[in-house]
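A structural walkthrough
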Amino acid sequence: MKFAYRFSNLYGAVYRQGNLSFSKDGNSVISPVGNRITVFDLKNNTSETLPVSTKKNIACVGLSPDGNLAILVDEDGAAVLVSLITRAVLHHFHFHKPVNSIRFSPDGRKFVVTKENVALMYHAPGKHREFNAFVLDKSYYGPYDETTCIDWTDDSKCFVVGSKDMSTWVFGAERWVNLIYYSLGGHKDVVVGCFFEKDSLDLYTVSQDGKLCVWESDTELDGLVLGRRRRRKPASQQEKGGEEDSEEEEEERDEEDGEPRGEVIRGKAEAPKDRGTVPNVRYKQKSTHFFNKEGEFNNLTAATFHKSTHILVTGFASGVFHLHELPDFNLIHSLSISDQRIATVSMNYSGDWIGFGCSGMGQLLVWEWQSESYIFKQQGHFNNMASLAYSPDGQYVATGGDDGKVKVWNTNSGLCFVTFMEHTSSISHVTFTSSGFVIVSASLDGTVRAYDLHRYRNFRTFTSPRPAQFSCLAVDVSGELVSAGSQDSFEIFLWSMQTGRLLEVLAGHEGPVSSLCFSPVQSVLASASWDRTVQLWDMKDSWQAKETLKLAADCLAVTYRPDGQELAVAALNGEITFWNPHTATQTASVSGRHDLETGRKDTDKVSAKQSAKGKSFSALCYSADGESMLAGGQSKFVCIYNIREQMLLKKFEISCNLSFDAMEEFLDRRKMTEFGSLALVDEGTGDGDGVHLSLPGVRRGDMSSRHFKPEIRVTSLRFSPTGRSWAATTTEGLLVYSLDGTLTFDPYDLDLDVTPASVRRQLRRQEWASAIVLAFRLNEAALIQEVLEAVPHQQITVVGGSLPDVYIEKLLAFVAGSLERSSHLQFYLSWAQSLLLLHGQKLKNRCGALLPTIQSLQKSLQRHFESLSKLCDWNMYTMRYAVALSKQRGLKRRTEEEEEDDEEEDDDGFVEDSSDRMSEVSLGEMVL
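Before going into details, it helps to say that this report is about the structure given with it. For clarity, every value in this text was computed on a predicted model and none was experimentally measured.

Quick word on the overall build of the protein chain
- When its secondary structure is counted, the protein chain shows twelve helices and 58 strands.
- Every one of the 928 residues in the protein chain was classed for burial, and the buried ones make up 51%.
- Relative to all contacts within the protein chain whose residues are 6 or more apart in sequence, the contacts with residues 24 or more apart total 49%.
- Looking at the protein chain as shown, the accessible area adds up to about 45200 Å², and 48% of this sits on carbon and sulfur atoms.

Put into structure tokens, the structure is as follows:
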């Protein structure tokens, strides 16, 4: 099982850089996150990070019109062709230069890539398997500076390219006689966007200084005349006086002779004699519009245009976006969504949703402009993530970062649903209490805060008598005692969760306290310090240190085994030692110095092998069964060890992104000069106003900020309580690894009679127990599901009681997994109830081995309970409102009838008996 963990998802980051893309149906948005892409399903409110990655951060993404293929291009120009259906890499390609933009043609047959001042048109990969999926068709030269944006006409006949030299170039995708290329000016700044009008050659161009130019063409798309290249025939054929070859024969001969396909003929093309003279396409500037500029740095940074609705969306460096209707330039509305620069803007196919990406804060927003409401609003940690914690049922993950925020993520959807921002400095540690509804966080600002997940508020704040920076945190099993260690006063503080009072200050360490951990079965606190000791504090006996464990190096991390019978300590010398907490004796040790394999930094003067000697593990975590140990530190690897055998089982590479520092093992001699490495050369302040890490109090941005390469490292590790996954907070984000969900054939007790046909034969005979046993012997999930769902509901108790004991645990694990994804909720709940009632005592005797299964079942039940309870409460309140409204209307009608009877009695002198008449209120009136 330990070898089956695979990368599952990425939390903590929703957008880094590059362009956003919507799926063909418009229900999903594809966002580049570092060197990976994440697909956010806006309809089902879920996220999925594809298991493909590039060598560096993704710079641009090209999506095919049918939504089946995506081209990912990183910062160096290395491209990866990915199938969005199978989630597999189909082809690798390198453009050898950084790519600015990429766009498929509407018919999906070609795509254009812009790099430097060249536009390259390639044949798009088809349905057939090819050795070279990217075939260059033509190269287009025109701009004198880097190209910035691309757009195609609706019929894929022409495309337009914007450039940093303030010009816009229109090129023909075919050999048009009257349009080879056309250059447009009129701007005084970088062209940010250029867009064709629907089914027309008319253009809109937008520049960075907030200027919009409307260009009108004198030719329609149907007016483009297809030409052909002519070649001189050999002299022998000319002497023979042969007839002219057809166009197809000429093109075939051109390809056979090896004529360069990327050449563009400048000047007037020769028109065929039988077509007469065709006038060239001309453009004229129809109008010019200017956006309102609010300040000096309010540059236009992103733009997109929806052709069907004629809506132009523009984003600015101040976080403001505008919606205009073209060509009249009517302002629909303007809104500020952030205080950071909007890096990219995109619209879905229907034009209802607008996607915005802000790279400065890592924000991703989807705005529905007609209803003026957010469809999707997420923001990750824009600094390093420091700590993570799983809830007891494994349904939530809490993370703390250097940005001072505590975020809570749903493991089913992968989305953040609450953010706490009370801390004013970096978060050093977060943890859940045993109830699962309280999160406790420690920070370097000198406070420990407790948050309530019912009301989403900070209900406790713990402080020390003297200001201290808390570097670690621990909460006991009961959730009553909260402890935090200080890195400057070398003390441990204890508070009461119920009263918020400071109970005790534990002094005894002679160095900063690096890690704390409560025993899961006893009232014992283990504290690790840089003074090379681990002290065990008894919470029952006046908070005295009852044992002191001495190590050979500074202690960095300490953790208890889930059963509390073993203690693991990571030291600065790279060793992990295991101790018996009752006898204070060392039972085992693992030397992990050679397993880290750290990379070489750009500033290192020694090799990576020598540098690894000074590295160590800083994060430890036991597996759910306590047999294995996860260890991570200043390395791109996470190691998993077998404790009993004291050996390395596997190393997980958390990233292959070369945009991080300390990734490469060897020095790249090509980047070395007499003045040092080229990797240390600063490339400037970046795009827009140059805001990357602004100083405190600076609103517009710090012009002294520069690019930097963060060092790859693992800061925290946690196993899920269900045992099905584990997570790591890294420089890249929160990476989640889970057991492979694909079908794995792992049969047992097989013979020749155990086949799918024999299983279905038992089903036809209505021998349910025998069919379930045979299905579990084959161990195919689809077949097991088919057999279980064929059992009648009234027979579940009988069949569950007749199953052999060896299959009870397997059936319970399968039911727990099926509750996560199946719509037959009551059916599988009946199975779980019957198994627990009939075999509860037998399962209790093996509670240690079955704990992950039981916790997985509890997680599924808790999720369904929360979703159904909200729906039931809403229905109950609606019905109460309808009943109260019907009673009120019935009383009103009765009063009106009584008044009418009184009037008739006064007028006619008699009283009409109305006691038997009742006003009937229809169901529709009740609801209204």
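Some remarks on the nonpolar core
- Grouped together as the largest cluster of nonpolar side chains are 36 residues, with contacts concentrated most on Val 759, Ile 772, Phe 776, Val 787, Leu 788, Leu 811 and Trp 831.
- Among the elements that make up this core, the one with the highest residue count is helix H6 (residues 768–778) (eight residues).
- Look past the residues within four positions of Val 759 in its chain and what remains in contact with it is Ala 771, Leu 774, Ala 775, Leu 778, Leu 783 and Val 787.
- Residues Leu 10, Val 714, Ala 728 and Leu 739 belong to the second largest nonpolar core, which totals 23 residues.

Comments concerning the packing of helix H5 (residues 756–764) against H6
- Direction vectors running N to C along H5 and H6 enclose 165°, while the axes themselves pass 8 Å from each other. Relative to H6, the element H5 is oriented roughly antiparallel. The chirality of how H5 crosses H6 is left-handed. Of the residues in H6, those touching H5 at Pro 756, Ser 758, Val 759, Gln 762 and Leu 763 are Trp 768, Ser 770, Ala 771, Leu 774, Ala 775 and Leu 778.

Quick word on the pattern of salt bridges
- According to the stated counting rule, one finds 17 salt bridges in the structure shown.
- Close ionic contact of Glu 786 with Arg 760 constitutes a salt bridge, the shortest N to O distance being 3.2 Å. One end of the pair, Glu 786, is in helix H7 (residues 781–790); the other, Arg 760, is in helix H5, and 26 residues separate them in sequence.
- Owing to a relative accessible area of 35%, Glu 786 belongs among the partly exposed residues under this scheme.
- Connected via shared salt-bridge partners are Arg 103, Asp 151, Asp 154 and Lys 307.

Conventions used here
- Residues numbered from 1 in each chain as written.
- Predicted model: local features only at pLDDT ≥ 70, side-chain atom pairs only at ≥ 80, totals over all residues.
- Heavy atoms only, no water.
- Helix = DSSP H or I, 4+ residues; strand = E, 2+ residues; numbered from the N terminus.
- Buried < 20%, exposed > 50% of the residue type's maximum accessible area, 1.4 Å probe, protein only.
- Contact = heavy atoms within 4.5 Å.
- Areas by Shrake-Rupley, 256 points an atom, 1.4 Å probe, with all protein chains shown as cover.
- Core = buried A, V, L, I, M, F, W, Y, C linked by side-chain atoms within 4.5 Å.
- Axes fitted to C-alpha atoms, helices over the stretch in contact; angles between N-to-C directions.
- Parallel < 35°, antiparallel > 145°, perpendicular 65-115°, else oblique.
- Left-handed = near helix turned anticlockwise from the far one by under 90°.
- Salt bridge = Lys/Arg side-chain N within 4 Å of Asp/Glu carboxyl O.

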